[in-house]
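Report on the structure
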Amino acid sequence: MNTQLDSKVPSGALEQKWTKHRAESKLVNPNNKRKFDIIVVGSGLAGASASASLAEMGYQVKCFCFQDSPRRAHSIAAQGGINAAKNYQNDGDSVYRLFYDTVKGGDFRSREANVHRLAEVSANIIDQCVAQGVPFAREYGGLLANRSFGGAQVSRTFYARGQTGQQLLLGAYQALAHQIAIGGVKMFPRTELLDIVIVDGHAKGIVVRDLLSGEITSHAGDTVVLATGGYGNVFYLSTNARGCNVSATYRAYKRGAFFANPCYTQIHPTCIPVGGSYQSKLTLMSESLRNDGRVWVPKNKGDNRPPNKIPNSERDYYLERKYPSFGNLAPRDIASRSAKEVCDEGKGVGPGGLGVYLDFAEAIGRLGEKTIQERYGNLFDIYHNITGEDAYHVPMRIYPAVHYTMGGLWVDYNLMSNVPGLHVLGEANFSDHGANRLGASALMQGLADGYFVIPSTIAIYLATQLGKKVSVDRPEFKATENEVRERVRRLLSIKGKRTATSFHRELGLLLWEKCGMARSRESLQEALQKIPSLREEFWQNLNLQGGDMELNQSLEQAGRVADFLEFGELMCSDALEREESCGAHFRVEYQTKDGEAVRNDTDFCHVAAWQYTGEDSKPVRNVEPLVFENVKLATRSYK
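Residues numbered from 1 in each chain as written. Predicted model: local features only at pLDDT ≥ 70, side-chain atom pairs only at ≥ 80, totals over all residues. Heavy atoms only, no water.

What to know about the overall build of the protein
Along the backbone of the protein there are 17 helices and 19 strands. Here the protein has a C-alpha radius of gyration of 24 Å; the compact-globule value for 639 residues is 26 Å, and the two agree. For the protein, the proportion of contacts with a sequence separation of at least 24, taken over those separated by at least 6, is 74%. Looking at the protein as shown, the accessible area adds up to about 24,200 Å², and 49% of this sits on carbon and sulfur atoms. Of note, the protein has its 75 positive side-chain charges centred 1 Å away from the centre of its 71 negative side-chain charges. (Helix = DSSP H or I, 4+ residues; strand = E, 2+ residues; numbered from the N terminus. Rg over C-alpha atoms; globule rule 2.2 N^0.38 Å. Contact = heavy atoms within 4.5 Å. Areas by Shrake-Rupley, 256 points an atom, 1.4 Å probe, with all protein chains shown as cover. Lys, Arg positive; Asp, Glu negative; His and termini not counted. Charge placed at Lys NZ, Arg CZ, Asp CG, Glu CD.)

Focus: the side chain of S238
Residue placement: S238 occurs in the loop between β9 (223-226) and α7 (247-254). Engagement of the side chain of S238 in a polar contact is seen with the backbone nitrogen of N240, the distance being 3.0 Å. Ignoring anything within four residues of it in the chain, the contact list for S238 reads G232, N233, K281, L282 and V402. (Polar contact = N/O pair within 3.5 Å; in protein donor to acceptor, adjacent residues only side chain to side chain.)

A word on the sheet that holds strand β11 (residues 265-271)
Strand order in the open sheet formed by five strands is β11-β15-β14-β12-β13, and the pairing between neighbours is antiparallel. Edge positions in the sheet fall to β11 and β13 (315-316), since each of these pairs with one other strand and no more. The pairing of strand β14 (residues 356-359) with strand β15 (residues 396-405) spans three bridges and is classified as antiparallel. Each bridged residue has a counterpart across the sheet, and for L358 the counterpart in β15 is M396. (Pairing = 2+ DSSP bridges.)

Quick word on the nonpolar core
Residues Y59, I82, L226, M396, L422 and F538 are the most contacted members of the largest nonpolar core, which totals 181 residues. The element that contributes the greatest number of residues to this core is helix α16 (residues 553-577), accounting for 12 residues. Here Y59 is in contact with V28, K33, F36, I38, L54, G184, I458, A459 and L462, once residues within four sequence places are set aside. Listed in part, the five residues of the second largest apolar core include I310, Y317, V349 and Y357. (Core = buried A, V, L, I, M, F, W, Y, C linked by side-chain atoms within 4.5 Å. Buried < 20%, exposed > 50% of the residue type's maximum accessible area, 1.4 Å probe, protein only.)

Focus on the packing of aromatic side chains
Any pair of aromatic rings gets described here by the distance separating the centres and the angle formed by the planes. Under the defined criterion, the tally for this structure stands at 23 aromatic pairs. On the numbers, 4.5 Å between centres and 10 degrees between planes, the contact of F64 with F188 is stacked. Of this pair, F64 sits in strand β2 (residues 60-64) while F188 sits in strand β5 (residues 185-188), placing them 124 residues apart in sequence. Across the pair, F188 and F64 agree in class, each one buried. Among the aromatic residues, ring-to-ring pairing joins Y231, Y250, Y253, F259, F567 and Y612 into one connected group. Geometry around Y317 places R294 over its ring, the cationic atom sitting 3.8 Å from the centre. (Phe/Tyr/Trp six-rings, centres within 6.5 Å; stacked < 30°, edge-to-face > 60°. Lys NZ or Arg CZ within 6 Å of the ring centre and 35° of its normal.)

Examining unusual backbone geometry
The backbone of N87 sits at a positive phi, close to 55 degrees, despite the residue not being glycine. Here N87 lies in the loop between β3 (82-83) and α4 (95-105). In this structure N87 comes out as partly exposed when scored by relative accessible area, which is 26%. Look at K495: it is not a glycine, yet its phi comes out positive at around 60 degrees.

A few points about the pattern of salt bridges
Within the structure shown, the criterion is met by 51 salt bridges. Via salt bridges that share partners, D107, R109, D333, R337, R578, E580, R599, D601 and R636 belong to a single interconnected network. (Salt bridge = Lys/Arg side-chain N within 4 Å of Asp/Glu carboxyl O.)

A word on the sheet that holds strand β8 (residues 216-220)
Within the open sheet, the three strands sit side by side as β6-β7-β8. Their pairing is antiparallel. The sheet is open, and its two borders are formed by β6 (191-199) and β8, each paired with just one other strand. Averaged over all adjacent pairs, the angle separating strand axes in this sheet is 30 degrees, with direction ignored. Of the strand pairs in this sheet, strand β7 (residues 202-210) and β8 are connected by five bridges, and their pairing is antiparallel. Note on β8: the bridge partner recorded for V207 is S218. (Axes fitted to C-alpha atoms, helices over the stretch in contact; angles between N-to-C directions.)

A short note on the pairing of β6
β6 sits mainly inside the fold: eight of its nine residues count as buried. Judged from the eight bridges that link them, β6 and β7 form a sheet pairing that is antiparallel. The residue of β7 that forms the bridge with E192 is R209. In textbook terms, the turn of a hairpin is the stretch between consecutive antiparallel strands, and for β6 and β7 this stretch comprises two residues, one of which, D200, has a positive phi near 50 degrees.

A short note on the pairing of β9
With burial as the criterion, each face of β9 is covered, one bearing T223 and V225 and the other bearing V224 and L226. In this structure, strand β1 (residues 37-41) lies alongside β9, joined through four bridges in parallel fashion. Looking across to β9, one finds that V41 is bridged to L226. The pairing of β9 with strand β17 (residues 422-424) spans three bridges and is classified as parallel. Bridge pairing in β17 places L226 opposite V424.

Comments concerning α16
Across its 25 residues, α16 extends 36 Å between first and last C-alpha, which sits within 8% of the 36 Å expected from 1.5 Å per residue. Summarising burial for α16: 20 of the 25 residues are buried, a large majority. Two to three positions downstream of the cap, the backbone nitrogen of S554 sits 3.2 Å from a side-chain oxygen, assigning the N-cap of α16 to N552. (Expected span 1.5 Å × (residues − 1).)

Structure follows, in structure tokens:
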């Protein structure tokens, strides 16, 4: 039976919803806040900002991360910038324009009220971070600088050279560290969540493993907040850190939380191409580079001349040709598919023809090499260290790669999942980005959720929980712990011949080919036939060294790969059921003659939220209809 999903979006005019909601919501008084224990899993931008903010308000917070320090969260890898509707450039930006660009960029597959709230609080994020000392770039006169990003015709992206994510995380980390020092937050590094504990239908705790000692323990809280990032590493090769995984959200899914839109996985157009069959990750070249770099390929197939030997008349600046209004700043999904198309036509460059050029010669001629170095110097250094090529004098070679995931656990307007007490922030929730995230919006959403949304909405749930505290002595904790221990024991007992990495690589290649930049009914059905047999072999032929009561990174990896092997099937099922093309979800059956996406608003203008029903049964696909009252559903065009 399908479940009715209540988004809890407040009534009233769009621009008043958030203000009205905060004014009418339940509160917890300061003395009672000290009585509540909040568990936060994840210490990236969303997790660190939420932990610091909630502790500052008086709640008792426990924060868990599997890194050795919160500073090593993957948020540091977001290079290009953070959006905010400040209109510092006086170029026509506004809260409404940021809202509209985000809804349009997501191909009209996001919830209006959430996106408008995101645009509203964006300006506050910049003020918060400046007050923390985040070193945003500034104009000559001292004002904060802005640059453009894909999918927008205004300059609204604040940045700190090519280190924006790192600098923002350091700002959030110093707030977190202050709370750790004064006792508001108790930090648990090198600790991995292995399951969620449900008590009387509510999320009331977690089971974790100490990654150094192997000890498995339980922690009880009045609510659980997941801020554990996305699942892009299901493809094996992605721009994500190697440790990024789906386990926290997938274990929550198996405990009853709905997983929304898992097929919405973003391909980033500006990555260093794959260098070999045993490469373990890919490196992102920030989208900010497309402000000054021009993307092109040779006009003639098989033209292997060095790029500087190909005259301008024999170059195809295909983004500028196809999308003259936005040019090189077309949205990521469109730019990625366009790169794939020209490479499929035989015009690709570099090894295997899987690359296009990102050329800075014109910008250097216009602005000077020193200016380009000031804007992007560390990115050019990264590129040189990996490829050995000097991008100041030879164009970069780039190709699309898996980057961000718009899917995640379903949440309502208060960022609470359908499981009472389980809140989900940042990339871990199904987000505000629809079917395609615009560049520089990930940092915006993570900090909006952590600094401004969850501190206001968490009290709505906690106000109902006074006097209902649970302890780890409850039988539900012991039962969940036993299930976790049995899973670990089972992984170590297989004694097969293949490593977890080999299974992960095989799964990732399968998904990239069958459910990557382009999907079809045939490719998805083929993947759904192959994944179960690969998963069966995993549980029969996995080989793990070492034991459970020690540092054992092979064991950590095996648990994550086991979840990927199940999640990959859910992702393909979602892609198969969504018979339309929208944003990053491109079904080849649904496209125009020009290769543009064709949506089906009649049948698929909704969020698909999948419900786990057991190991041997098919999950139920629940639906939250998307209602557009303030923007008109239209065919997305960037021409």
